[in-house]
2 protein chains.
Amino acid sequence: MNKTRRPRGRGRPAQPAVTRDTIAAAALELTLESGYDKLTMSALARHVGVAPSALYNHIANKAELLVLLQDAVMGLVDTEPLLRATRGEISVADALRAWARSYRDVFAEHTPLVQVIATLPVAGAPRTQEMYDAVAAALFHAGVPAHQVMPRVVAMESFIYGSAFDTHAPAHIFEVPAEGSQELPELRRATEAFKPGAAGAAGSNPYAEEPFTVGLDLLLADL
Amino acid sequence: MNKTRRPRGRGRPAQPAVTRDTIAAAALELTLESGYDKLTMSALARHVGVAPSALYNHIANKAELLVLLQDAVMGLVDTEPLLRATRGEISVADALRAWARSYRDVFAEHTPLVQVIATLPVAGAPRTQEMYDAVAAALFHAGVPAHQVMPRVVAMESFIYGSAFDTHAPAHIFEVPAEGSQELPELRRATEAFKPGAAGAAGSNPYAEEPFTVGLDLLLADL
């Protein structure tokens, strides 16, 4: 839309109000609709319905947009259980279990962002920083030695990111044709005993539940 | 290159010999050079130096190409420790540790493939199937109940895939500016105590080693 042709004067502002929050929300929406590859400053401006210059008043470049997007996604993760654990209201293991599940579910809906956010610094992303502060606080509260806190956070995150992909795996991923399976006796035996969990969110792989629970239990067993 | 203009007749064949193995190797090479998004049948044909029809003599479509690519990548993972554990030569925990490290290192070099392969069925990929058979055999050998074998395999894989991303994270990923860090005491305390591991492969994040070791130890603690 050509700004210069728009009549000026009284009435409402010609363009929607743009804030960093509306930019973040629009970037998240656009990524969900069209994938991360389609997220450019000009596509985002079109999606918001403003000229690109209106975005550049709030964010300097694509890198800053990514940080904003990271913070919008991380802001969806439920950190309340962590705060409750640090107040002594629930166990730290239960809190981490609830946090990890919420974190996985958020990224299951945003798998194209996993690779980006897994390697994006937290600088400039206040909600992301607060989440890490809350996870660290919970681990300290459980008595984890300081030098082990971040390694445990990162180990859990790695597990969570991979588990987010697994929610999209087809249920028959490990199936081998009967004619070949004589040579794969262990895989066949293991696959036959692999049971789906309770139905999760719509469209999610029911075989993703048990590995997620088993992995989390192992990662939290000593807390 | 236009086949019809190529002189026919005596001498060597005009086109390089094409087999499923050479197609797989070329697809892997092309993905490493140009990224997964650039992997199309026509780009692959150009890379091999043949007409697209020469590829279609061996593989039916892009889906089959993916299975071939999956098998080429999975074939790089070292399964020898698993076979040794099943023969009783080394402990199952040590074997799974070595396998997991090899698996992570292979995917650290092919991170764009993680999302694809994490959700790709193993049907049609013999080396991939053999790997899963070997992992399952090792877990059975360690006395893991049948219904827990695949959940444990998938849990380890999720952790491995996420850990592959972490090898590309910048060392300062958790650093927060000094002026903001008063409000993030737990994150600051945890980050200060987070020490890099021994230097890994060139270009890899030294802070990825400790989380990988810690996570693996927890995932294998009960074996």
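Residues numbered from 1 in each chain as written. Chains lettered and ligands numbered in written order. Predicted model: local features only at pLDDT ≥ 70, side-chain atom pairs only at ≥ 80, totals over all residues. Heavy atoms only, no water.

### A look at the confidence of the model for chain A
All names here are of chain A. Mean pLDDT over chain A stands at 90; residues scoring 70 or higher make up 90%. Per-residue pLDDT stays below 50 along residues 1–6; that stretch engages in five contacts with residues further than four places along the chain or on separate chains. Taken together, the chains of this predicted complex give a pTM of 0.91 and an interface ipTM of 0.91. (pLDDT = per-residue confidence, 0-100. Contact = heavy atoms within 4.5 Å.)

### Description of empty space enclosed by the protein
For the structure on display, the rule yields four cavities of 30 Å³ or more. Volume-wise, the largest cavity comes out at about 110 Å³. Looking at the largest cavity, it is lined by 15 residues, and the ones nearest its centre are A:A118, A:Y132, A:E157, A:Y161 and B:I173. Those elements that place two or more of their residues in the lining of the largest cavity are α4 (62–74) and α9 (146–166) of chain A together with α9 (146–166) of chain B. In terms of residue count, α9(A) provides more of the lining of the largest cavity than any other element does, four residues in total. (1 Å grid on protein atoms, 1.4 Å probe; cavity = no way out; pocket = protein on both sides within 12 Å on 5 of 7 lines; lining within 4 Å. Points joined across faces, edges and corners; volume = space filled by probe spheres on them. Helix = DSSP H or I, 4+ residues; strand = E, 2+ residues; numbered from the N terminus.)

### Observations regarding the packing of helix α8 (residues 126–141) of chain B against α9(B)
All names here are of chain B. At a minimum axis separation of 10 Å, α8 and α9 run at an interaxial angle of 120 degrees. One finds that α8 runs oblique with respect to α9. Like other packed secondary-structure pairs, α8 and α9 cross with a definite hand, here right-handed. For the pair α8 and α9, the contacting residues are M131, Y132, V135, A136, L139 and F140 in the first and A146, V149, R152, V153, M156, E157 and Y161 in the second. Looking at the contact of α8 with α9 residue by residue, the classes come out as 11 nonpolar, no polar and two charged. (Axes fitted to C-alpha atoms, helices over the stretch in contact; angles between N-to-C directions. Parallel < 35°, antiparallel > 145°, perpendicular 65-115°, else oblique. Left-handed = near helix turned anticlockwise from the far one by under 90°. Nonpolar A, V, L, I, M, F, W, Y, C, P; charged D, E, K, R; others polar.)

### Side note on the interface of chain A and chain B
The extent of an interface is frequently quoted as the accessible surface area lost upon association of the parts. Counting residues at the interface gives 61 residues for chain A, matched by 61 residues for chain B. Taken as a group, A:M150, A:F165 and A:L218 account for 12% of the area that chain A buries against chain B, more than any other trio of residues on that side. Put simply, chain A and chain B have zero salt bridges between them. Applying the counting rule to chain A against chain B returns eight residue pairs in polar contact (both at pLDDT 80 or more). Those elements giving two or more residues to the side of chain A that touches chain B turn out to be α7 (114–117), α8 (126–141), α9, α10 (185–192) and α11 (209–220) of chain A. Looking at the side of chain A that touches chain B element by element, the count peaks at 17 residues for α9(A). (Buried area = accessible area lost by both parts, 1.4 Å probe. Salt bridge = Lys/Arg side-chain N within 4 Å of Asp/Glu carboxyl O. Polar contact = N/O pair within 3.5 Å; in protein donor to acceptor, adjacent residues only side chain to side chain.)

### Regarding the relation of the copies chain A and chain B
Of the two same-sequence chains, chain A is brought onto chain B (RMSD 0.0 Å, axial shift 0.0 Å) by a rotation of 180 degrees. Expressed as an axis order, the relation between the two copies is that of a two-fold axis. Relative to the rotation axis, the C-alpha of A:F159 is the closest in chain A, positioned 2.0 Å from it. Interface overlap between copies: 100% of the residues of chain A at the interface are likewise at the interface in chain B, consistent with a symmetric, same-surface contact. (Least-squares fit on C-alpha atoms with pLDDT ≥ 70 in both.)

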